[in-house]
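# Structural description and commentary
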Amino acid sequence: GYFYQAKYYEKTGAYNQSNTLYNSALTLFTALNDSAQVSRCYYRLGFNHFRLAAYDIGLDYYFKSLKLDEENNYKPGIALTLERIGKLYLNTGDFYKARENFERALSIFIELKDDYSILMNELCIGVTYQKEAMKYQKEELFLKGIELYELALLKSLKIDLTLSASLLQNIGSSYRFLKQFD
């Protein structure tokens, strides 16, 4: 019950209450020696700390989740955690580590044939280039991001139109920063 109560509080934005319940669930699952559920608790605690902008703590929980999923060879968990680690690094401005984690997640999602997650990680990789370009005002990074967005755009039309809209918005904002309006 703790885990599902924690998810409820997480969805309402009560992350501290959610963390208390995830920690209770973690204690229970650890006592039961259920490494899969322990990993899920670590993952959710990482997510909540990310939302609370406690990035170091969130990263620590994500790494604990990743370690267990790797020990269990649970590829979906590995890929999802790598994606989340990428988002955390992106949020903190470490574009290289963000890209590295998105690329590792992408390779697993390709292996799993998860088209939506493949597309999402391709989009995230493009975002790393765009945000880095914005920070350092480097045209070649904008162009790399645009190239990745355009490649993902064709796929997105078959998978998720909301991602298509995000891609178009990112392409447009990149061109705006480049002051290319044609």
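Read on for a plain summary of the structure. Only a predicted model underlies this, so the values are computations on that prediction, with no experimental measurement involved.

## Thoughts on the overall build of the chain
Check the secondary structure of the chain and you find nine helices and zero strands. Start at the N end of the chain and walk to the C end: the helices and strands fall as α-α-α-α-α-α-α-α-α. The dimensions of the chain, computed from C-alpha atoms along their principal axes, are 60 × 30 × 25 Å. By the burial criterion, 48% of the 182 residues in the chain qualify as buried. Summarising the internal contacts of the chain: among those between residues at least 6 apart in sequence, 50% fall at separations of at least 24. For the chain, the exposed surface amounts to about 10000 Å²; the carbon and sulfur share of it is 53%. Charge centroids of the chain, computed over 22 positive and 22 negative side chains, lie 3 Å from each other.

## Things to note about the packing of aromatic side chains
Scanning the entire structure with this criterion turns up seven aromatic pairs. When the ring of Phe142 is compared with that of Phe177, the centres are 5.6 Å apart and the planes differ by 20°; the resulting orientation is stacked. Within this pair, whereas Phe142 is found in helix H8 (residues 139-159), its partner Phe177 is found in helix H9 (residues 161-177), the two being separated by 35 residues in sequence. Given a relative accessible area of 2%, Phe142 falls into the buried group. The exposure class of Phe177 is partly exposed, given its relative accessible area of 33%. Ring pairing ties together the aromatic residues Phe3, Tyr4 and Tyr22, which thus form one cluster. Across from the ring centre of Phe47, 4.7 Å away, lies the NZ or CZ of Arg44, which sits over that ring.

## Side note on the side chain of Ser18
Of note, Ser18 is situated in helix H2 (residues 15-31). Setting aside residues up to four positions removed in sequence, Ser18 forms contacts with Ala6, Tyr9, Glu10 and Asn48.

## Focus on the pattern of salt bridges
The tally for this structure, following the rule as stated, stands at nine salt bridges. A salt bridge links Lys87 to Glu83, with the shortest nitrogen-to-oxygen separation between them at 3.3 Å. Here Lys87 and its partner Glu83 are both found in helix H5 (residues 75-92), four residues apart, which amounts to about one turn of the helix. In this structure, Lys155 engages Glu122 in a salt bridge whose closest nitrogen and oxygen atoms are separated by 2.6 Å. Here the residue Lys155 occupies a position in helix H8, and Glu122 occupies one in helix H7 (residues 115-136), the gap between them amounting to 33 residues. The class of Glu122 is buried, set by a relative accessible area of 16%.

## As for the packing of helix H3 (residues 35-51) against H5
In contact at an axis separation of 11 Å, H3 and H5 are set at 15° when each is read in the N-to-C sense. As summarised for this structure, H3 and H5 are arranged roughly parallel, according to the angle between their axes. Both H3 and H5 take part in a crossing whose hand is left-handed. Here Arg40, Tyr43, Phe47 and Phe50 of H3 lie close against H5, whose contacting residues are Gly77, Leu80, Thr81, Arg84, Lys87, Leu88 and Asn91. In terms of residue class, the contact of H3 with H5 is built from five nonpolar, three polar and three charged.

Definitions and limits used
Each residue is numbered by its place in its chain's sequence as written, counting from 1. Given that this is a predicted model, residues contribute local features only at a pLDDT of at least 70 and side-chain atom pairs are listed and counted only at 80 or more, while totals for whole chains, interfaces and linings are drawn from all residues. Neither water nor hydrogens contribute to the side-chain values; these are computed over all heavy atoms in the structure. Every helix listed is a DSSP run of H or I at least four residues long, and every strand listed is a run of E at least two residues long, numbered separately from the N terminus. Three labels apply to residues, based on accessible area from a 1.4 Å probe with only protein chains included: buried if under 20% of the type maximum, exposed if over 50%, partly exposed otherwise in between. The contact rule is simple, with two residues in contact once any of their heavy atoms fall within 4.5 Å. Accessible areas in this description were obtained via Shrake-Rupley with a 1.4 Å probe; residue shielding takes into account the shown protein chains only. As used throughout, the charge tally considers Lys and Arg to be positive and Asp and Glu to be negative, leaving His and the chain termini uncounted. Every charge is mapped to an atom, namely NZ of Lys, CZ of Arg, CG of Asp or CD of Glu. Side-chain rings of Phe, Tyr and Trp, where Trp is taken by its six-membered ring, are said to pair if the distance between their centres is within 6.5 Å; with planes under 30 degrees apart they count as stacked, over 60 as edge-to-face, and otherwise as tilted. Lysine and arginine charges are scored as sitting over a ring when NZ or CZ, respectively, is within 6 Å of the ring centre and within 35 degrees of the ring normal. Any Lys or Arg side-chain nitrogen located within 4 Å of an Asp or Glu carboxyl oxygen qualifies as a salt bridge. Axis lines are fitted through C-alpha atoms, for helices just across the contact stretch, and the angle between N-to-C directions can take any value from 0 to 180 degrees. Any angle from 65 to 115 degrees is called roughly perpendicular, while one under 35 is roughly parallel, one over 145 is roughly antiparallel, and all others are oblique. Helix crossings are classified by the rotation of the near helix relative to the far one: an anticlockwise turn of less than a right angle makes the crossing left-handed, while a clockwise turn makes it right-handed. Gly counts as polar in this scheme, as do all residues outside two lists: the nonpolar Ala, Val, Leu, Ile, Met, Phe, Trp, Tyr, Cys and Pro, and the charged Asp, Glu, Lys and Arg.

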